[in-house]
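# An overview of the molecular structure
In case you want the letters, here they are:
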Amino acid sequence: MKKYPKRKLLFVPSKRDYVRGNRPSVSCILCASRDGNPNVENLILAKDKYVFVTLNLFPYNPGHVMIVPKRHIIDPRSYLDSEVKSIDKWTRRILDVLDEIYDPSGYNIGYNIGNTAGASLEHLHLHIVPRFKNEIGFIDIIGGARVHVDDPKLAAKKLRQKLNSKSRAKKEKR
Ligand SMILES: [Zn+2]
């Protein structure tokens, strides 16, 4: 296989290993993440009774967040009303925070359901992907992986801080 030069200043997630099957040895990575399994990187930003919000360990773009129902369900038609409400609430909160931190020019929000649609995890999850005017295209293609200027662990820290300060501010307003 052809070797590509490493770019030291860019964060390159190891998505390729992941796709090849070198996943953590858990039956569901999202259930494991929900349960605080130490084999899975903890990038959870927030949670409530019904859902948790986590940064994607293999993001398509900086600030790529997933909103995940705590129940292992695989079809949005299985949602309870309370889960839908919670997901909607978190979607709006996350958009506020991502606007502040990343100031993207747009978003893709949605589900990939089934392998054909690109879902690599069965456990249902709503993607929120910030989009930027000058997204890297060329490196993506030659590298076979997205290249990021954002380390997910640092990003998770920033996002948690913002989310916490936001919920505090809301409580104080009441
Ligand atoms: Zn699961």
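### As for the overall build of the protein chain
If you tally the helices and strands in the protein chain, you get 5 helices and 5 strands. For the protein chain, the N- to C-terminal ordering of α and β elements is α-α-β-β-β-α-β-β-α-α. For the protein chain, buried positions account for 25% of its 174 residues. Nonlocal contacts in the protein chain, meaning residues at least 24 apart in sequence, comprise 62% of its contacts between residues at least 6 apart.

### As for the nonpolar core
Membership of the largest hydrophobic core comes to 25 residues, with the highest contact counts inside it found for Val 51, Val 53, Val 65, Ile 67 and Ile 94. Only helix H2 (29-34), strand E1 (44-47), strand E2 (51-55), strand E3 (65-69), helix H3 (81-102), strand E5 (126-131) and helix H5 (152-173) provide two or more residues apiece to this core. Tallying contributions element by element places H3 first for this core, with 5 residues. Those residues within four positions of Val 65 in sequence are excluded, and the remaining contacts are Val 53, Leu 55, Asn 56, Ile 94 and Ile 128.

### As for the pairing of E3
Of all 5 residues in E3, 5 are buried, a share of seventy percent or more. Because side chains alternate across E3, one face comprises the buried residues Val 65, Ile 67 and Pro 69, and the other comprises Met 66 and Val 68, equally buried.

Conventions used here
Residues numbered from 1 in each chain as written. Predicted model: local features only at pLDDT ≥ 70, side-chain atom pairs only at ≥ 80, totals over all residues. Helix = DSSP H or I, 4+ residues; strand = E, 2+ residues; numbered from the N terminus. Buried ≥ 20, exposed ≤ 12 C-beta atoms within 10 Å, placed from the backbone. Contact = placed C-beta atoms within 7 Å. Core = buried A, V, L, I, M, F, W, Y, C linked by C-beta atoms within 7 Å.

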